[in-house]
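# Reading the structure
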Amino acid sequence: MRSSFYQFTLSELQKLLQDNGLPTAGASRLYNWHYKKRRFESCEAELAKATREFLVQKISFDLPVIDSIQKSEDRTVKFLFRLQDGKKVETVILPSNRKYSICLSSQVGCAMKCSFCHTGLQGLERHLETHEIVSQLLAAQKWLTENRPEGDKIETIVFMGQGEPLHNFDSVRKACEIFLSQNGLSMAKDKITISTAGYLPGLERWKNEMPDVNIALSLHAIDPQKRSELIPINTKFPVEKVLDLVNQIPKNKKRFVIYEYLLARGFNDTTEDANLLGEALKGKKAFVNIIPFNPFPGTKYERPSVEEAEAFKAKLDDRGLVSLIRFTKGHEILAACGQLNSKG
Ligand code: SF4
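Residues numbered from 1 in each chain as written. Predicted model: local features only at pLDDT ≥ 70, side-chain atom pairs only at ≥ 80, totals over all residues. Heavy atoms only, no water.

## Some thoughts on the packing of helix H5 (residues 130–147) against helix H6 (residues 169–180)
Our working definition: Simply put, an axis is a line fit to the C-alpha atoms, just over the touching stretch for a helix, and the angle between two N-to-C directions goes from 0 to 180 degrees. Each helix corresponds to a stretch of at least 4 residues labelled H or I by DSSP, and each strand to a stretch of at least 2 residues labelled E; elements are numbered beginning at the N terminus. To sort the angles, those under 35 degrees are grouped as roughly parallel, those over 145 as roughly antiparallel, those from 65 to 115 as roughly perpendicular, and the leftovers as oblique. The handedness criterion is simple: a crossing whose near helix is rotated anticlockwise from the far helix by less than a right angle is left-handed, and one whose near helix is rotated clockwise is right-handed. Any two residues having at least one pair of non-hydrogen atoms within 4.5 Å are treated as being in contact. Only Asp, Glu, Lys and Arg are considered charged, only Ala, Val, Leu, Ile, Met, Phe, Trp, Tyr, Cys and Pro nonpolar, and every remaining residue, Gly among them, polar.
Across the interface, H5 lies against H6 with an axial gap of 8 Å and an inter-helix angle of 45°. Of the possible angle classes, the one that applies to H5 and H6 is oblique. As H5 packs across H6, the resulting crossing turns out to be right-handed. Residues Thr130, Ile133, Val134 and Leu137 of H5 lie in contact with H6, whose contacting residues are Asp170, Ser171, Val172, Lys174, Ala175, Ile178 and Phe179. Of the residues assigned to the contact of H5 with H6, the class counts are 7 nonpolar, 2 polar and 2 charged.

## Notes on the pairing of strand E13 (residues 287–292)
Regular strands show a simple pattern: their side chains alternate between the two faces of the sheet. The criterion, for reference: Relative accessibility under 20% of the residue-type maximum defines a buried residue, over 50% an exposed one, and the middle range a partly exposed one, all with a 1.4 Å probe and only protein chains included. Note on pairing: two strands pair once DSSP finds at least 2 bridges between them. When the strands point away from the viewer and the path from the first strand over the helix to the second turns clockwise, the crossover is right-handed.
Among the 6 residues of E13, 5 are classified as buried, and the element is accordingly described as predominantly covered. Inspection of the sheet shows strand E12 (residues 257–263) paired to E13 by 6 bridges, in the parallel sense. Paired with leucine 262 across the two strands is isoleucine 291, which belongs to E13. As a crossover connection, the stretch from E12 through helix H10 (residues 271–280) into E13 is right-handed. The sheet contact formed by E13 and strand E14 (residues 322–325) spans 4 bridges and is parallel. When the bridges of E14 are listed, asparagine 289 appears paired with leucine 324. Each parallel crossover has a hand, and the one from E13 via helix H11 (residues 306–318) to E14 is right-handed.

## As for unusual backbone geometry
In most cases, non-glycine residues show a negative phi, while peptide bonds are predominantly trans. Within the chain, arginine 38 stands out as a residue other than glycine whose phi angle is a positive 55°. Along the polypeptide, arginine 38 turns up in the loop between helix H2 (25–36) and helix H3 (49–58). The backbone of serine 186 sits at a positive phi, close to 40°, despite the residue not being glycine. The exposure class assigned to serine 186 is partly exposed, which follows from its relative accessible area of 29%.

## Structural notes on the packing of helix H7 (residues 200–209) against helix H9 (residues 239–248)
Running from N to C, H7 and H9 cross one another at 15°; their axes reach a closest spacing of 9 Å. Classified by the interaxial angle, the pair formed by H7 and H9 is roughly parallel. You can see that H7 and H9 cross each other, and the crossing is left-handed. In this structure, H7 uses Leu200, Leu203, Glu204 and Lys207 to contact H9, whose residues at the interface are Lys241, Val242, Leu245, Val246 and Gln248.

## What to know about the environment of phenylalanine 54
Locating phenylalanine 54 in the fold gives a position in helix H3. Phenylalanine 54 gets classed as buried once you look at its relative accessible area, which sits at 11%. It is 8.8 Å that separates the C-alpha atoms of phenylalanine 54 and leucine 22, two residues lying 32 residues apart in sequence. With residues near it in sequence (within four places) discarded, phenylalanine 54 still touches Leu16, Leu17, Asn20, Leu22 and Ile59.

Below is the structure:
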């Protein structure tokens, strides 16, 4: 069976070629061709004949197959990709000033079972391998180049699709390394954000192992009962411990923590909720993203009105917290935060 090209960091690729008696220079040429130049046909001219023969036999450049595409009026696009074993994952691209952000999935389904999330209802089917994460971006990039060439650059990556990225730490970390590689896509560190529901074992590894990318922590409530209802792992990994660990991750001017707060009408939008949030983030250089809940079939939570979301924001303003209301894109095609579910 052939290995996917998108599984290898540059140094792994160099070693692979070396172990097979081939010139290691081929690795950076391949990285340059497929990632920097964004070419999808095979790289022929710049490689030694023996390297080309090796690639044909041992390496696959296949991208996931597009099973279906949904486009919303605001130009958000949701892809349902079919993986080699037939499993499916969703990936979303969101337009912003002739560029795009991409929301990547890290697992098929998710084990965290957050009650406000369509993916959580699906349960965890399996982790994605590195190449299945990297190739979501390349397949979306290929579609953009072919269909919207006028402004097709994917500039920002968020791991906010299906799955808890820190529950699949090794694959996500390696995918970030590939995205950041100077010989490849050369994404800027501050253009990559990994979102977590507060999966403590992954956060414990973050400080020493993850490249300097941004972190988005889903708080959604501080009250233990409410947070545990929204994010059941809160009973095992309480928010105080999670905040403690996040505090220990070094920050700098460009690298900061975004605190996500999903707002559900009549559930976590009270003055007491704002008080608890203000206390929990006191003294931190905190930025809160208020995300009005995006409904999906069968959910019990309700989306707040614009006025209700603004009223909650005003409560945070009063407590000195910097926040922004994120009216997410693509909710009519179920492409917004918490709405993804590869089983439809
Ligand atoms: S919100 Fe994230 S962590 Fe929670 S169930 Fe959904 S995908 Fe998993």
